[in-house]
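Breakdown of the fold
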Amino acid sequence: MRPNSDGWFKFMAENYKNICNSLTGIGNMMEEILCMAKNNKHGFTCRRFCSDFDILLQHSLLSIAAADGTATLTEIASTDALTNFGDLLRLSENELGTSLAWEELSAMPADEIIKWLEELRAPVRKATAEFCAAFAAIDVSGLSPQYYDQFKQELTAFMAAFAHMDDDALTPAETQAIAKSEFAYALACIKNFIDSYSK
C-alpha cells in the first residue's frame, strides 16, 4: 500500500458517509410517499435504495481497479470496506451462481474480473435503473432540496480518489473506465429522468 492510500481512503469514507446521509433522506421520503399513497407494489424501501447505490458503486470501482491490468488487494478491500448496504458478490451468487469472497477477487486476473463484471451488467443495470428513477422523482418533487448537482460532484470526486489511491495518478485506462462505468451511466440516467419529469 502506498503512503497516501490511507489518506485517499479516509477522504472516500467521509465522502461516502455524506452521500449516504443524503441518499437515506431521499430513500426515506420516497418510502413514506409510497406508503401514504398505498402504491408500493415493487416493495421499495430506503435500505434497498441505498443497496442499489452500493451495487452500482462497487461495480464501477472494480471496473476502474481492473482497467490498468491489475486489481490490487488495496483496491478490492477498499471497494468492500467503503460500502455499507449492498453486496455485488451476493448479487453475483444470486444471478450467476458464483461463490466468491472479496479476498479471492484480488487473485483473479484483471481480464477475468472485467469479464465477470460484464456478465453482471444486466442485473446491475436493473438495480441502477430503479435507484435512478427514485432519486430523480424526489429531486424534482419540490419536497426536498435538489441534490443532483451535489451528488454528481461528490461521486465524481469519490471515483477520482479511488483511481489515485494505489499510485497517486489517474491513468488513461482508468479515465476511460470511469467514463464507461455504471456510475457514469447512473448520472446520465438520473439527468434523463429529471428532464423527463420536469416537462
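This write-up is about the structure you can find in this document. No experiment lies behind these values; they were computed from the predicted model shown.

Remarks on the nonpolar core
In summary, soluble globular proteins display a tendency toward joint burial of nonpolar side chains. If you look at the biggest cluster of nonpolar residues, it comprises 60 residues, and the most contacted ones within it are Leu-23, Phe-53, Phe-131, Phe-135 and Phe-151. The contacts of Phe-131, once residues within four sequence positions are left out, are Leu-23, Phe-49, Asp-52, Phe-53, Leu-56, Phe-151 and Ile-190.

What about helix 6 (residues 110–119)?
What helix 6 keeps buried is the set Ala-110, Ile-113, Trp-116 and Leu-117. What you see down the axis of helix 6 is that its buried residues fit within an arc of 120°, all on one side. Exposed residues pointing more than 90 degrees away from the buried face of helix 6 are listed as Asp-111 and Lys-115. Where the residues of helix 6 are buried, they touch helix 2 (46–67), helix 4 (88–96), helix 5 (102–105) and helix 7 (121–139).

Let's talk about the packing of helix 1 (residues 5–36) against helix 2
Two elements in contact, helix 1 and helix 2, have axes whose closest approach is 8 Å; the angle formed by their N-to-C orientations is 140°. Here helix 1 is positioned oblique relative to helix 2, judged by the angle of their axes. The chirality of how helix 1 crosses helix 2 is right-handed. Along the contact surface, helix 1 presents Tyr-16, Ile-19, Leu-23, Thr-24, Ile-26, Gly-27, Asn-28 and Glu-31, while helix 2 presents Cys-46, Phe-49, Cys-50, Phe-53, Asp-54 and Leu-57. For the contact of helix 1 with helix 2, the class distribution of residues is nine nonpolar, three polar and two charged.

Side note on the packing of aromatic side chains
According to the stated counting rule, one finds 11 aromatic pairs in the structure shown. With a centroid separation of 6.5 Å and 25° between ring planes, the pair formed by Tyr-16 and Phe-53 is classed as stacked. Here Tyr-16 is found in helix 1, whereas its partner Phe-53 is found in helix 2, with 37 residues between them in sequence. Joined through ring pairs, the aromatic side chains of Tyr-16, Phe-44, Phe-49, Phe-53, Phe-131, Phe-135, Tyr-147 and Phe-151 make up one cluster. Looking at Arg-125, its charged tip hangs above the ring of Tyr-185, at a distance of 3.5 Å from the centre.

Describing the pattern of salt bridges
The tally for this structure, following the rule as stated, stands at six salt bridges. The shortest N-O distance in the salt bridge between Arg-48 and Glu-130 comes to 2.9 Å. Taken together, the residues Arg-48 in helix 2 and Glu-130 in helix 7 connect sequence positions 82 residues apart. Looking at Glu-130, the relative accessible area reads 31%, which means it is partly exposed. The salt bridge involving Glu-118 is made with Arg-121; its shortest N-O contact spans 3.5 Å. Accessibility expressed as a relative area gives 48% for Glu-118, which makes it partly exposed. In this structure Arg-121 comes out as partly exposed when scored by relative accessible area, which is 22%.

Cut-offs applied
- Residues numbered from 1 in each chain as written.
- Predicted model: local features only at pLDDT ≥ 70, side-chain atom pairs only at ≥ 80, totals over all residues.
- Heavy atoms only, no water.
- Core = buried A, V, L, I, M, F, W, Y, C linked by side-chain atoms within 4.5 Å.
- Buried < 20%, exposed > 50% of the residue type's maximum accessible area, 1.4 Å probe, protein only.
- Contact = heavy atoms within 4.5 Å.
- Helix = DSSP H or I, 4+ residues; strand = E, 2+ residues; numbered from the N terminus.
- Arc of directions from axis to C-beta.
- Axes fitted to C-alpha atoms, helices over the stretch in contact; angles between N-to-C directions.
- Parallel < 35°, antiparallel > 145°, perpendicular 65-115°, else oblique.
- Left-handed = near helix turned anticlockwise from the far one by under 90°.
- Nonpolar A, V, L, I, M, F, W, Y, C, P; charged D, E, K, R; others polar.
- Phe/Tyr/Trp six-rings, centres within 6.5 Å; stacked < 30°, edge-to-face > 60°.
- Lys NZ or Arg CZ within 6 Å of the ring centre and 35° of its normal.
- Salt bridge = Lys/Arg side-chain N within 4 Å of Asp/Glu carboxyl O.

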